[in-house]
Amino acid sequence: MNKLKKSVTVRFYSIEANDSFFSDLVSNYKAMQNIGNLTRIINIRNRKHLIKASYETLDSKFSVYPVTVIRERNTWQTKATIDGKISPIEVNQGIIGDPYFFSIVPEIKLVVGFTTGPSVSIKSVGTSLLEQFSNDRITKIALELIPKEKEFSRLTEISDYSSLHFKISSSSLTDVSDNAPQLIRDLSSAPYLEGNMQLSLDLAIDEKQDIGLSKENVIEIVNYLSNHDDCTVLKVKGKNEDGTSVNLDFSNAFFNYKTDIMTRHKYVGETTAHNILKEAFHSYVDKNL
């Protein structure tokens, strides 16, 4: 089988949590190592997740905790063989799903992660992962993409919006939360969307005409999409109070690390994944610490 080139994009997140969470994370992680129970299968929001913790490493003077998560994918209903036999998929000792690879660095409140699976939020899976290492299940834990520049404040400088353009995979809109912007919820329920379509919208906005988007709506949508892993294009155009044109591009506003690998498989093996995360972390440390 010939090798194929696979592109990988690694994301960087800051961990928003109480200080006690980080000591809980380290102690619970080390407890798993001490008892030799590094793998567990748990249910998170009606999906099985296999969580596999690797041994702690020291990298750039920081303690790094690598974790692999396999998130169950329940879209596969049957298997079919060349002899025409169709049967259900039965797994007795594990799960079938998509891999997510993470490195947790508690000392600087950082998570580095990527997936080669479909467009399901790395942020969502990573947050669920961190919750498993917390002793306080009531206190909220959040992951936030780390911005290169904080341009969001410039959104409020625009007094007259003219357009909003974004591109996102339709698979990211299949299961949105109730507090998502109304436009996103409307797209999520649209009957014409099919799985894994690349959805590109260019909305012309004239606040003098009622098209359903106010200034507050635009800011809400941008804040939502800019923190979404799978939004590859996000641009806003308008004018400020003195009539000067303002063009904001948020699609490359966050730290990421991109690389290509050659593989014979559709997935990335753990050893290769850990090496990619290590390279990504070094890149981040060199630029920021």
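The shown structure was predicted, so the numbers you read here are calculated from the model rather than taken from an experiment. (Residues numbered from 1 in each chain as written. Predicted model: local features only at pLDDT ≥ 70, side-chain atom pairs only at ≥ 80, totals over all residues. Heavy atoms only, no water.)

Side note on the nonpolar core
Here is step 1 of the chain: The biggest cluster of nonpolar side chains holds 29 residues, and the ones touching the most others in it are I15, V69, F102, I104, V111, L129 and L130.
Here is step 2 of the chain: A total of five residues in this core trace back to one element, the largest contributor, which is helix α1 (residues 19-34).
Here is step 3 of the chain: Those residues in contact with V111 that lie beyond four places of it in its chain are R11, F12, Y13, I15, F102, S103, I104, L130 and L143.
Here is step 4 of the chain: Membership of the second largest hydrophobic core comes to 26 residues, among which are L173, I184, L213 and I221. (Core = buried A, V, L, I, M, F, W, Y, C linked by side-chain atoms within 4.5 Å. Buried < 20%, exposed > 50% of the residue type's maximum accessible area, 1.4 Å probe, protein only. Helix = DSSP H or I, 4+ residues; strand = E, 2+ residues; numbered from the N terminus. Contact = heavy atoms within 4.5 Å.)

Observations regarding the sheet that holds strand β14 (residues 245-249)
Here is step 1 of the chain: Across the sheet, four strands lie side by side as β12-β11-β13-β14; this open sheet has antiparallel pairing. Edge positions in the sheet fall to β12 (198-204) and β14, since each has one partner strand and no second. Looking at each pair of strands side by side, their axes are set apart by 5 degrees on average, direction ignored.
Here is step 2 of the chain: Sheet analysis places strand β13 (residues 231-239) next to β14, joined by five bridges and oriented antiparallel. Residue G238 lies in a different strand from β14, and its bridge partner there is V246.
Here is step 3 of the chain: In the packing of helix α4 (residues 215-226) onto the sheet, contacts are made with β11 (160-169) and β13, and the angle to β11 comes to roughly 30 degrees. (Pairing = 2+ DSSP bridges. Axes fitted to C-alpha atoms, helices over the stretch in contact; angles between N-to-C directions.)

Side note on the pairing of strand β5 (residues 62-72)
Here is step 1 of the chain: With eight of eleven residues buried, β5 lies mostly within the body of the structure.
Here is step 2 of the chain: By the bridge criterion, five bridges tie strand β3 (residues 47-53) to β5 in an arrangement that is antiparallel. Across the sheet, the residue bridging to H49 is R71, located in β5.
Here is step 3 of the chain: Counting the residues between successive antiparallel strands, the hairpin from strand β4 (residues 57-59) to β5 contains two residues, one of them, S60, with a positive phi of roughly 55 degrees.
Here is step 4 of the chain: Bridge count between β5 and strand β8 (residues 97-105): eight bridges; the pairing is antiparallel. Residue pairing in the sheet places Y65 in a bridge with I104 of β8.

Focus: the packing of aromatic side chains
Here is step 1 of the chain: Counted under the stated rule, the structure contains seven aromatic pairs.
Here is step 2 of the chain: Summarising the aromatic geometry, the rings of F12 and Y284 are spaced 5.1 Å apart at their centres and angled 20 degrees between planes, so their arrangement reads as stacked. Here Y284 lies in helix α5 (residues 270-288) and F12 lies in strand β1 (residues 4-16), a separation of 272 residues in the sequence.
Here is step 3 of the chain: A residue is classified by how much of its surface remains accessible, and Y284, at 12% relative accessible area, is buried.
Here is step 4 of the chain: An angle of 65 degrees between the planes, with centres 4.8 Å apart, marks the rings of Y29 and Y65 as edge-to-face. Of this pair, Y29 sits in helix α1 while Y65 sits in strand β5, placing them 36 residues apart in sequence. Y65 shares its class with Y29; the two are buried.
Here is step 5 of the chain: Through a chain of ring-to-ring contacts, three or more aromatic side chains come together here, namely F12, F255 and Y284. (Phe/Tyr/Trp six-rings, centres within 6.5 Å; stacked < 30°, edge-to-face > 60°.)

What to know about empty space enclosed by the protein
Here is step 1 of the chain: Summed over all chains, the structure comprises two cavities of 30 Å³ or more.
Here is step 2 of the chain: Of the volumes computed, that of the largest cavity is approximately 60 Å³.
Here is step 3 of the chain: Each residue belonging to the lining of the largest cavity can be placed in one class, and the counts come to three nonpolar, four polar and three charged.
Here is step 4 of the chain: Each pocket or cavity is described by its volume, and for the second largest cavity that value is around 40 Å³.
Here is step 5 of the chain: Lining the second largest cavity are F12, F255, N256, S283, Y284, K287 and N288. (1 Å grid on protein atoms, 1.4 Å probe; cavity = no way out; pocket = protein on both sides within 12 Å on 5 of 7 lines; lining within 4 Å. Points joined across faces, edges and corners; volume = space filled by probe spheres on them. Nonpolar A, V, L, I, M, F, W, Y, C, P; charged D, E, K, R; others polar.)

Treat this as a map of the structure, not an account of what it does.
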